[in-house]
Every structure is written in structure tokens, then in C-alpha cells.
Amino acid sequence: MRARELGRKSVVVGDRVWLVGDVSGASGALARIVRIAERTSVLRRTADDDETTAEGRLERVVVANADQLVIVSALADPPPRTGFIDRCLVAAYDAGIEPLLCLTKADLAGPEAVLGYYTELELPYVLIRPGSDLADLRTLLTGRVSVMVGHSGVGKSTLVNRLVPAAERAVGTVSAIGRGRHTSTSAVALRLPPPPDPGAGADPGWIVDTPGVRSFGLAHVSAESLLHGFPDLVEATVDCPANCPHGTDEADCALDAWVAAGKADPRRLASYRRLLASRSGEGDAREPERNPGDPLAGS
């Protein structure tokens, strides 16, 4: 239960709280949340990119106090959506959370195209195949609070069940048009099992499983902060004129010359500018999260 003065929506998954009452954890025990600790990080998303719309003003806190954002993407069935990954990276950097790319279904397609797209970022990643050893992933999760996000159908709930067998998260299938069904309906924090040979006082960590999403709105992120999700483009802006909007119609924007010189992938610049346009209502945040002409995104 929550103390009435805290309000209905004040407590989110990941919050650290003070309790009064019976904190024994026994069946039927009742305690009340009376205080929420200051959050070290807050991962947010909106339903739209444009803050002038009702959906853009509807801000949702995904999780509090996370250390790591695990972006789960399938390499096939459904195909990877680099536009969605870009959005997650922006949200992670804005929240001060470290990103980790988790590529599933590696038995169906190779990772080269996706990793090549992010080669300038040196983005940490893990490859997951059915039945493969999860030792590398467990190492990256140990001692941390990690939140998993991804489209429906990418195998996120299957992965959670392998990491925490007692979780029994619902697992769905991918439809004929390549879209997954929403199987997780709420965010849940799960304690990872301790390793077989844990060190003294070793913390196995937590994972927060979230419902599958089809979009990750960024209305809560300022236009200036959007660039933080594209560190491969930041250096180029030093040569931009003051208050450069970095749009496609800005003749003096240095980003075009930077890309033309081969210092960044043109698809990355296209993705950044698409996010800028979407913030002003010129783009459609509801479209599939892919980059124009991106062969990674499928049809």
C-alpha cells in the first residue's frame, strides 16, 4: 500500500522506498510505503515525439534507478529496426543509463549489418541463439539493475525466462506480417539467481522486464539533447553556425560535409534528422521505427 500523500502514480518499478508495518514478508503481511528515495536515474518515454500533442505530453516513467538499458532486437523475424534502437540510445544517454545491445535469433541472420551501422559508437553487444550459453550476458548484468526494452516478438520474454526460470513470463509468437504479439503486460523487476560460485557478497543484480513496445516517443528529450544519442555526429557540429538547427534545409550545417567525408554513416544523419522533424510534427512517430532506405529494417 502507499501512503495517501504520495499520490496514485508516485511509485514506479525500481524505486527504493521506506516501509512501515509488517515487513516480515510473510503471507498476509501488510506494509505501507511512506517515502520514496531520491532516484539516481529515470528512464522515460512518451507516446509521441511532439510535446505540443496530447500524446507527447503523456510522459511515462519506464523504470527508476536503472544502471543499464538492454535494447533487445532480433536479427530476423521480425527484422531489426535501427530507428527504434536509435531512439532507445537517445533515451538511455538522456537518462544517464549505459546501453547494451542484445541481438537475438542470431541463428537466423548474421549481426554484421547492424554492428556495422553502430561501428563508430563502440556499442557493447551480445549475440543470443536458442540454447546458447548466456554467460557473457550474465556477466554484463551482474551487480546492476538492467531494464530490457524491445519490440514484441524479439524474444525478450524468452530471454528473461532463461535468465530467471522462476519468472514464467508469457511467451508469444510472431505473426505472418512480422509483428510480435504483446505478451508482457506490465514492468516487473526480477532478482537474478546467484552464480554457481558467487564471490563474497556478490550481487547477482536485477532485470526489469517491460511490455513490448512499437514506438519510443522522445518528447521529453530536448532538441539539443537528441544529439547525445548520436555521438558519431557531435564533433561535426563544432563547425556549424551558432544556433544551427541541423535540419536538411540548413545550407551551412556541417553535418552534411561530415557525412560526405565518410566520417559517419549517412543513415545515422538521416535518423537524427527524422527525429528532429518528428519533434516539430513534420514526421509520423507512429510509422515503423526504421531509417529511410535502411536494408536492415525489412519491408
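Residues numbered from 1 in each chain as written. Predicted model: local features only at pLDDT ≥ 70, side-chain atom pairs only at ≥ 80, totals over all residues. Heavy atoms only, no water.

1. Thoughts on the side chain of Arg268
Test applied: A run of DSSP states H or I qualifies as a helix once it reaches four residues; a run of E qualifies as a strand once it reaches two. Both are numbered from the N-terminal end. Polar contact is defined as a pair of N or O atoms within 3.5 Å, subject to the rule that within protein one atom must be able to donate a hydrogen and the other to accept it, and that residues adjacent in sequence are counted only when both atoms are side-chain atoms. We call two residues contacting when some pair of their heavy atoms lies within 4.5 Å.
Tracing the backbone through its elements, the reader meets Arg268 in helix α9 (residues 266-279). In terms of polar contacts, Arg268 uses its side chain to reach the side chain of Asp86, at 2.8 Å. In contact with Arg268, other than residues within four places in its own chain, are Asp86, Tyr117, Tyr118, Leu121, Gly229, Phe230, Pro231, Asp232 and Leu233.

2. Quick notes on the nonpolar core
Using the following cut-off: Here, the term nonpolar core denotes a set of buried Ala, Val, Leu, Ile, Met, Phe, Trp, Tyr and Cys residues that are joined through side-chain atoms within 4.5 Å. Throughout this description, buried means an accessible area under 20% of the type-specific maximum (1.4 Å probe, protein chains only), exposed means over 50%, and partly exposed covers the range between.
Of all hydrophobic cores here, the largest spans 49 residues; its most connected members are Leu43, Leu69, Val147, Leu233 and Tyr272. Counting residues per element, the ones that place at least two in this core are β4 (59-64), β5 (68-74), α2 (82-95), β6 (98-104), α3 (112-117), β8 (145-149), α8 (255-260) and α9. Residue contributions to this core peak at eight residues, all from α2. Excluding anything up to four places from it in sequence, Leu69 contacts Leu43, Cys88, Ala92, Ile97, Glu98, Pro99, Leu100, Val147 and Val149.

3. Let's talk about the packing of aromatic side chains
Put simply, the rule is: A pair of aromatic rings is counted whenever rings of Phe, Tyr or Trp (Trp by its six-membered ring) have centres within 6.5 Å, and the orientation is called stacked for planes under 30 degrees apart, edge-to-face for over 60 and tilted otherwise. Charge-over-ring placement is defined geometrically: NZ (Lys) or CZ (Arg) within 6 Å of the ring centre, and within 35 degrees of the ring normal.
Throughout the structure, instances matching the rule amount to three aromatic pairs. With a centroid separation of 4.6 Å and 85° between ring planes, the pair formed by Tyr117 and Tyr118 is classed as edge-to-face. With respect to class, Tyr117 is no different from Tyr118; both count as buried. Ring geometry for Phe230 versus Tyr272: centroids 5.4 Å apart, planes at 55°, classification tilted. Linking Phe230 in the loop between α6 (223-226) and α7 (231-234) with Tyr272 in helix α9, this pair joins segments that are 42 residues apart in sequence. Sitting over the face of the ring of Trp18, Arg35 holds its NZ or CZ atom 4.1 Å from the ring centroid.

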